[in-house]
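Survey of secondary and tertiary structure
Chain by chain, the residues:
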Amino acid sequence: MNEYKSLLKKGWLFFTVAIVFLWAKTYYALKTAFTLDIENNTQQFILAITPISSILFFLGLAFFFSPKRRNKAFMVIYSLMTFVLFANVVYFRFFNDFITLPVLMQYKNFLDLGGSAKALIHPTDILYWIDVVILIAWTVRQKTKPSMRFKKRTVAMLYATVLGIGAVNLSLANQERPELLTRTFDRMKLVKLLGIYNYHIYDSVMTANTSTKRVFADSDELTEVLNYVNGQQGKMGVQGKYYGKAAGKNVVLISLESTQNFVIDRKLHGQEITPFLNDLTDDSFYFKNFYHNTGQGKTSDSEFLLDNSMYGLSRGAVFTTNAGNEFNATPEILKEEGYTPVALHGNHDTFWNRDVMYKSLGYDRYFSKEEYNVTEENSVNYGLKDIPFFEQSMPMLKGLEEPYYAKFITMTNHYPYILDNEKMKMIEPAETGDGSVDRYFQTMRYQDEAVKKFFQMMKEQGEYKDTIFVLYGDHYGISDNHNRAMSEILGKEIRPFERVQLQKVPLIIHIPGMEGKEMNTVGSQVDLKPTILHLLGIKEKHDVQFGVDLFAKEREDLAIFRDGSVVTDKYVYAAKEDICYDKSTGEEIEDKTCAPLKQKAKKELELSDKVVHGDLLRFLEKNQKIEGKK
Ligand code: GP9
Ligand code: MN
């Protein structure tokens, strides 16, 4: 009994209980909140030991504080670790991904999240915080007694244990996944094999690393990039069949929020989900094998791809991490050709750092929430509903000097897919029992109606026939976390093969007066810039772009995803699982068939990242671009 008392006195019991609490909830989160896909016993073992070393390491830091402050320091560290865990749990529910430091820098966005964030927090989440309350109460009660007092030797032993467990963890992880630390795009594996806390240490090191890249970058690196983009497929000289066919016309871009291609021509309860878009595809170029290449930057990534023909980053959003870079974006190029480039969107101008980034991209004006009349009734979720958004945009469009390049970004079809008014619900929800999936069809149907109205108004305003319309889905709306409901909707099992192809988003290029055509070409958002510029008859100078005009005859059928997955006309390579499929049969085939594709994706993504991290286009400005213009 005395021994027990002395342990209690020295704070051993408190320390041990805290470790067990934190370990238990971390392990619980790793097992239940994240889909980590544990393949064998070693991985299971890693998962169990992986939180221990980091928990001991961080909580142990409290011993470097004076005994008086120790309890407080201990609880601050404990709460911070709980917060990190909890934030990841909530983030994962929607993004199916882990938080990175650059994502945290976008905190301004999170403040705006409102309804989306609330929908992601469950009542049972209180379990993640109960232990914090218990431990704080315990330290308060203990106030008069000495706090954790361990001998120096004990603390040293504690850290030796941290090192020991850490080393075992790392060597097992390396066995499971060679090159784990260099394959940065695979956050899922990092968390699975290193644990959530160690993952964040790794992520911080990576962030520091990339920030130094700009400082050390030089123009030789740009030469390497130019050699690649000029060389591959001889793309610089390739002119599509429709080159110059829309010269001098206005360009209207419509970013369709969370719109995946599977909704096109699909019926629910015997009703079309997107009746207007379905009709529009008949007299447009409809690309039905078109993919998004977005990463954590979501809509902003799709905008970046659209205007620059470069990839977003593997972590964070270029819009927030590199808004000060030099770019050679479509708005800037078109402005030189006499166009008025503008963006229109019913959310705050700071969201995704758009106010800053649009200037870097060369937009003349950004009509944001501040310019619209946004009321309680005409807004839902993030901001202005799509129909009033288009309605109120019409006079703004009218006031622009022609030709214009106008990017409309819709928003109502955004997670958690809410319509607050019965009149907006033009189709019954689906009945899978998964709320997000079920409501998705209703907001989608509403978005379709909004686009239909917009086309009508363009006709009424007399602007329709002088304009070309480019409509594209910005990124997925239904993440892998909803595979059960999605397989019910699609009537088939969702394997990596299907999951990759579900990343198709519609691309509809409508040129009034021109006949429609269904296009089988495999392409992605990175191809939009050259496609649009070629339609307008504008030839690239010395430009860094990774995409190819979708109408170019010799173009390779290719879509490279941000995570390294690849789709061609023949193969589907799922990077996450490292599986190669035959596209026509859906059967798994030998790895080596996909090896060159995998290599190419790696190379292309690396080069694109190099340009962004090193801000390499600033060198282009000085040498090649000027030379090219002469
Ligand atoms: C917000 C809208 C949605 O302005 O673009 O952003 P997302 O969450 O889809 O990236
Ligand atoms: Mn979006």
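The shown structure was predicted, so the numbers you read here are calculated from the model rather than taken from an experiment.

**Some thoughts on the pattern of salt bridges**
Counted by the stated rule, this structure contains 30 salt bridges. Asp-125 is paired through a salt bridge with Arg-93; the nearest N and O atoms lie 2.9 Å apart. Of this pair, Asp-125 sits in the loop between α7 (115-120) and α8 (127-141) while Arg-93 sits in helix α4 (residues 67-95), placing them 32 residues apart in sequence. Each member of the pair Asp-125 and Arg-93 is classed as buried. Taking the shortest distance from any N to any O, the salt bridge between Asp-615 and Arg-618 comes out at 3.8 Å. The exposure class assigned to Asp-615 is buried, which follows from its relative accessible area of 2%. If you follow the salt bridges from partner to partner, you end up with Glu-303, Asp-307, Arg-354 and Lys-407 in one network.

**Details of the coordination of the manganese ion (ligand 2)**
For the manganese ion (ligand 2), the protein coordination sphere consists of Glu-257 (OE), Glu-257 (OE), Thr-299 (OG1), Asp-474 (OD) and His-475 (NE2), at 2.1 to 2.4 Å. Within one chain, the residues serving as donors to the manganese ion (ligand 2) are arranged as E-x41-T-x174-D-H. With respect to class, Asp-474 is no different from His-475; both count as buried.

**Quick word on a nonpolar patch on the surface**
Nonpolar side chains collect at one region of the surface, where Phe-57, Leu-61, Phe-64 and Phe-65 lie side by side and expose about 370 Å² of accessible area between them. Since its relative accessible area comes to 37%, Phe-65 is described here as partly exposed.

**Quick notes on the sheet that holds strand β5 (residues 340-345)**
Taken together, eight strands build an open sheet; the order of strands is β6-β5-β9-β1-β10-β11-β4-β12 and the sheet is mixed. The open sheet is flanked by β6 (365-367) and β12 (517-524), the only strands paired with a single partner. Adjacent strand axes in the sheet meet at a mean angle of 15°, parallel and antiparallel pairs treated alike. Across seven bridges, strand β1 (residues 250-256) lies against strand β10 (residues 467-473) in parallel orientation. Residue pairing in the sheet places Leu-253 in a bridge with Val-470 of β10. Its contacts with the sheet place helix α13 (residues 275-282) against β1, β4 (285-291), β10 and β11 (507-510), and it is angled at close to 60° to β11.

What counts, and at which threshold
Residues numbered from 1 in each chain as written. Chains lettered and ligands numbered in written order. Predicted model: local features only at pLDDT ≥ 70, side-chain atom pairs only at ≥ 80, totals over all residues. Heavy atoms only, no water. Salt bridge = Lys/Arg side-chain N within 4 Å of Asp/Glu carboxyl O. Helix = DSSP H or I, 4+ residues; strand = E, 2+ residues; numbered from the N terminus. Buried < 20%, exposed > 50% of the residue type's maximum accessible area, 1.4 Å probe, protein only. Donors = N, O, S within 2.8 Å, 3.2 Å for Na, K, Ca; no water. Patch = residues over 30% accessible without salt bridge, like charges linked within 9 Å, V, L, I, M, F, W, Y side chains within 5 Å. Areas by Shrake-Rupley, 256 points an atom, 1.4 Å probe, with all protein chains shown as cover. Pairing = 2+ DSSP bridges. Axes fitted to C-alpha atoms, helices over the stretch in contact; angles between N-to-C directions. Contact = heavy atoms within 4.5 Å.

Read these as spatial facts, not as claims about activity.
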